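Close look at the chain arrangement
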Amino acid sequence: MGKVIVCRCEDVTLEDLRQAFAAGHRDLESLKRFTGLSTGFCQGKCCAAHAGRFLAELRGGDDMVCDPTRTRPLLHPTPAACFAAIASGEAPDQEDA
Amino acid sequence: MRDRAELVIIGGGVLGLSLAYHLARMGLGDIVVIEQGYLCFGASGRNGGGVRQQWSTEDHIRLARRSVAIYRRLAAETGFNIWFRQGGYLFLSRDAVAAATLERNVKLQNSLGLRTRLLSPAQARRLVDGLDTSGVELCAYNPDDGVLFPWPVVWGLARVATSLGVEINTFCRATAIDVQGGRIVKVVTDRGAVATSRVVNAAGGWSSQVARLAGVELPNRPYRHEILVSEPLKPFLEPMVCDLADGTYFSQTMRGEICGGLSDPLEHSSLNTSSSLRFLSRMSASLLRLLPRLGGVKILRQWAGYYDETPDGNPVLGRTPGVEGFIQLNGFGGHGFMLAPAVGQIMAEWLLRRVREPLVERYGLERFSSGQLQRETLVIG
Amino acid sequence: MSTGRRVTRKPDCPVETGSQVAIEFEGRQLPARAGEPLAAALLAAGVQVFGRSLKYHRPRGPYCLQGHCSGCLMRVDGIPNVRTCQTAVRAGMVVERQRGWPSASFDAFRALDWLSGQGIDHHSMFTSSAATNRLAARFVRRLSGFGELPAGEPRPPAPVERWQRQVVVVGGGAAGLQAARELHRRGVRSTLFERQEVAGGRLLDGSDSAGGDGQGSWARLAELHRQLEGSENLELLPGTTVVAVYPGDRLQVVAVQERRTLVVEAERLLLACGDYEQVRLFEGSDLPGVFAVRAFDRLFYLHGVIPGEPVVLCGDSPRLLRLAGDLVAAGVEVAALVSGATRPPLPAGEGAFPLVPGRLPVRASGGRWIERLEIAPAPSEPADGLFDCGCLVSEYPPAPAYELAHHAGCRVDFDSACGFRVVVDDGGRTSNAAVFAAGHCTGAMSLEQALEAGRRAATGMAESLSGGSGRED
């Protein structure tokens, strides 16, 4: 048997997910950290749904998947230069993403 | 979940687990750890992984030195790669006062056996290709400082501790600490109660909240600290670069990402872990200013954790006046990861052997009422 | 099996063809058409391996052609990790692959993949002793990372503009354009950010373009563009990527263009960000030459590129059937249409290609590109069919683009039928009163449903705005 690649950016296989789940990483945040899933260049666009299905199956339903991993900016990798001149003066008590 | 334990640790972060790990290895495995989220939920899973020995006080320098020694062997001890890379830490000072502080610190560090040395801006540029040192007065560099991956440290400590009898309960929240006649008798959680005579508060950003469960007021306050990471590139940056002027720090991880953050003087105390545009823009500006070559490097993600800060920048350790059996292990102000291995070991020895430990006494909660404060000034990266 | 080539596009294709130019690919001159996606040009020129993966050095190639996967990253004009599917061809551009030793085409480290079976546990390898561990870490560091630092002059800070807008629409696909049209009709001014240079999203899909009665997607797109053209109520900004939303008293939307960054304070936000193409997971499904349906659709209909032959298609939708029929009509060799359904609809040109019902793809194999595809009655059963395969079109439910809504604090739930999705009511309202969402970012739906959702969300939003802007004109 060869590999079934779930996360292409980080080369995370289906078997990696199974082993991580067996080792007690049974929520998406924890699974993500343990396997590297969703942490690469695409930030989960190609694997989050697959990983959600994997969890739903093992935990017994879509409701058991709960939230996706906390979504952090940015949506797409963007050069630092694009943000360097936003001289943002707003106070930090402004709500954030 | 066990209903009785020799010791309950609230907080499954690097400090609580380092303590559990060392205690279990010394023979006390009858421990229940209570973690409100998944492992790495709190600051232990949200920091940049910097581990340095360049500090301004003797205590911190000794603790950090000991911690680095432990980190150097931790992967082999736990069977978990932590990817500890000793690429050094480079501090930049931009005025005479900061430069004088660096000089003083380097002298102290050298007297304690560290290889830290002062560098001119030109020497710093040789260390970091493309570093813009305009306005930089003086630099300090220690080649033995480094960066690691925080998550596997936590998993490794947890796995070994578990194998030695420690029970770690994730997604479990402490709801009450039962104190009778000035002594701890029980910890109540949302998944049941554990009878115990000793409770360790290693709850990091939540340590003040946890202390209140036992009717204790801590001076600690959590402050959000934001951080970001870039696309992974081939290795081009060896040391962690820290600018004392605004608290910017960044390094390149083993995976090749630039990972860094900076302090925000406007931040007020909260457990808010949202991400802000203010940080994204300030950090981007800092990166471009210090290393203009990073202008075209793409930012992948930003996130936030917190510093559990105390009034004097030093941790809170040891006994709690008025509550027998309530032990503090918190207030590390964003440096828990750098000091946890040594502090966990020292606290384990102190708890098991009941010997006098000057460090635990110095960092006791009493100091805030007695006024015996010793300030740590290098609160960065 | 042949590698990439060009075929004739449909005459009414809404994307114009540029002039013939040459690009420099690792020292070779390759022909391309100015303005087309670089990835399409490379595929047409027969480039198979675009890069190598992180751990196992598996070959990587584009599969989404939508700018969300990492398969097509290359170094372009000295910039690392550039999405070649989102980069328009310019004469003389210099393109290189980034990983692989001695080259991306032949990478000796691929041996790690073959030797590692089900995978390497990177947590525990090299932990036998502290000394081994330190040595290994140095080696691993050399192997990690994608691409070198950008070359040339450092990129200076981009100019920033701060805008204030009442309504910002993100995404110029079916739902977004229809929402903008509805807002325009109601006299509500809106600003629409579209990542691509040509707005249209799904409406650009060639396999939905059929229908002489004006119901085909290209006809609908032309109609929407006509209705919106010159509208004083719509500020349409193509080539603008929204990268973050920060919630607060006023939402802050950060949009990036090639030469400037926009920080837009918006009173209302309508998210119509669409979805991300996915492929079915099976052994080898990450091989280059495996494409999501809409990726292949764009290659074929909009750019006239066939990345490999014979083509195998896997899926059940009528549009896949139309695609297969159009391929045959264009003279492309189609090996089979494999359908999971036991009774798939009959192909239009019966007998033009084999239709294999009741089977799913279970294993793709090949060295640098897919060469063979095995099929089985179910994923757990042994394979009972094998195709020579020059290119696989793999149909799978796309995953909603829920991220921006999540930035804004909107509720997101999980549905196995698609993935994580933005939760909305009939009027497109999310759990954040200032944020509306419509179309495929809220879950699986048809093109018609997406258009209708866009209209309804715009209606709901217009009604939520004060000052009677909810009126109809």
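Note that this is a predicted model, so its numbers are computed, not measured.

Attention now goes to the overall build of chain B. Scanning chain B from N- to C-terminus turns up ten helices and 19 strands. Relative to the compact-globule value of 21 Å for 381 residues, chain B shows a C-alpha radius of gyration of 20 Å, a close match. For chain B, the spread of C-alpha atoms along the three principal axes comes to 60 × 40 × 40 Å. Relative to its full complement of 381 residues, chain B shows a buried share of 61%.

Of all residues in chain B, 98% attain a pLDDT of 70 or more, and the chain-wide mean is 95. Prediction confidence for the complex, expressed as pTM and ipTM, is 0.95 and 0.94 respectively.

Now for the sheet that holds strand E15 (residues 248–252) of chain B. In a beta sheet, neighbouring strands pair by backbone hydrogen bonds and run either parallel or antiparallel. The strand order across the open sheet formed by nine strands is E3(A)-E17(B)-E13(B)-E16(B)-E15(B)-E14(B)-E4(B)-E6(B)-E5(B), and the pairing between neighbours is mixed. The open sheet has two edge strands, strand E3 (78–79) of chain A together with strand E5 (117–119) of chain B, and neither has a second partner. In this structure, strand E14 (residues 240–243) of chain B lies alongside E15(B), joined through three bridges in antiparallel fashion. Counterpart to Asp243(B) in the pairing with E15(B) is Thr248(B). Contacts from helix H3 (residues 96–111) of chain B reach strand E4 (89–93), E5 and strand E6 (138–142) of chain B within the one sheet, and its direction differs from that of E6(B) by about 30 degrees.

Per-chain confidence: chain A averages 87 in pLDDT, with 88% of residues scoring 70 or above. Here helix H3 (residues 48–59) of chain A stands out as the least confident element of chain A, with mean pLDDT 93; E3(A) is the most confident, with 98.

Residues and elements named next belong to chain C. Across five bridges, the pairing between strand E21 (residues 360–365) and strand E22 (residues 372–376) is antiparallel. For Arg-363, the partnering residue across the bridge sits in E22 and is Glu-374. Remark: six residues form the turn of the hairpin made by E21 and E22, two consecutive strands paired antiparallel; Gly-366 in that turn has positive phi of roughly 155 degrees.

With that out of the way, let us pick up the environment of Leu270(C). Residue and element names in this part refer to chain C. Positionally, Leu-270 belongs in strand E14 (residues 261–271). Sequence separation between Leu-270 and Thr-3 is 267 residues; the distance between their C-alpha atoms is 42 Å. Setting aside its immediate chain neighbours within four residues, Leu-270 contacts Val-167, Val-169, Ala-179, Phe-436, Ala-438, Ala-457, Ala-458 and Met-461.

This part is about the domain arrangement of chain B. Residue and element names in this part refer to chain B. Examined at the domain level, chain B breaks down into domain 1 (7–46 + 151–220 + 312–370) and domain 2 (84–145 + 221–307). For domain 1 versus domain 2, the separation of C-alpha centres amounts to 30 Å. With seven residues of domain 1 at the interface, the matching set in domain 2 holds nine residues. Broken down by class, the residue content of the side of domain 1 that touches domain 2 amounts to one nonpolar, five polar and one charged.

Moving on, we get to helix H9 (residues 447–464) of chain C. Look at H9(C): 26 Å from first C-alpha to last across 18 residues, which is about the 26 Å you get at 1.5 Å a residue. Packed against the buried residues of H9(C) are strand E9 (160–170), helix H4 (174–185), helix H5 (217–228), E14 and strand E28 (435–437) of chain C.

Moving on, we come to the interface of chain A and chain B. In this assembly, 25 residues from chain A lie in contact with 31 residues from chain B. Elements with a minimum of two residues in the side of chain A that touches chain B: helix H2 (28–35) and E3 of chain A. No other element matches H2(A), which puts three residues into the side of chain A that touches chain B. For the side of chain A that touches chain B, the per-class residue count stands at 13 nonpolar, four polar and eight charged.

Here the focus is the nonpolar core. Residues Ala20(B), Leu90(B), Leu269(C), Leu270(C), Leu271(C), Leu392(C) and Ala405(C) are the most contacted members of the largest nonpolar core, which totals 291 residues. In terms of residues, this core owes the most to one element, helix H8 (residues 336–353) of chain B, which gives ten residues. Other than its neighbours up to four places away in sequence, Leu392(C) contacts Gly289(C), Val290(C), Phe291(C), Val312(C), Cys314(C), Ala364(C), Ile370(C) and Leu373(C).

Residue and element names in this part refer to chain C. For the pair H4 and H5, the least separation of the axes is 10 Å and the interaxial angle reads 35 degrees. Regarding H4 and H5, the two cross each other, and that crossing is left-handed. For the pair H4 and H5, contact is made by Leu-177, Gln-178, Ala-180, Arg-181 and His-184 and by Leu-224, Gln-227 and Leu-228, respectively. Across the contact of H4 with H5, the residue classes tally to four nonpolar, three polar and one charged.

Now for the interface of chain A and chain C. Of the residues lining the interface, 45 residues belong to chain A; the matching set on chain C comes to 50 residues. Of all the secondary structure elements, the ones that give two or more residues to the side of chain A that touches chain C are strand E1 (5–7), helix H1 (14–22), H3 and E3 of chain A. Per element, the largest residue contribution to the side of chain A that touches chain C is six residues, and it comes from H3(A). For the side of chain A that touches chain C, a count of residues per class yields 24 nonpolar, nine polar and twelve charged.

All right, on to the environment of Val167(C) then. Residue and element names in this part refer to chain C. Relative to the elements of secondary structure, Val-167 occurs in strand E9. Under the C-beta neighbour-count criterion, Val-167 is labelled buried, with 26 such atoms within 10 Å. Residues in contact with Val-167, not counting those within four places in the same chain, are Leu-183, Val-188, Arg-189, Ser-190, Thr-191, Ala-266, Glu-267, Arg-268, Leu-270 and Met-461.

Scoring rules and cut-offs
Residues numbered from 1 in each chain as written. Chains lettered and ligands numbered in written order. Predicted model: local features only at pLDDT ≥ 70, side-chain atom pairs only at ≥ 80, totals over all residues. Helix = DSSP H or I, 4+ residues; strand = E, 2+ residues; numbered from the N terminus. Rg over C-alpha atoms; globule rule 2.2 N^0.38 Å. Buried ≥ 20, exposed ≤ 12 C-beta atoms within 10 Å, placed from the backbone. pLDDT = per-residue confidence, 0-100. Pairing = 2+ DSSP bridges. Contact = placed C-beta atoms within 7 Å. Axes fitted to C-alpha atoms, helices over the stretch in contact; angles between N-to-C directions. Domains from an automatic or database assignment. Nonpolar A, V, L, I, M, F, W, Y, C, P; charged D, E, K, R; others polar. Expected span 1.5 Å × (residues − 1). Core = buried A, V, L, I, M, F, W, Y, C linked by C-beta atoms within 7 Å. Left-handed = near helix turned anticlockwise from the far one by under 90°.

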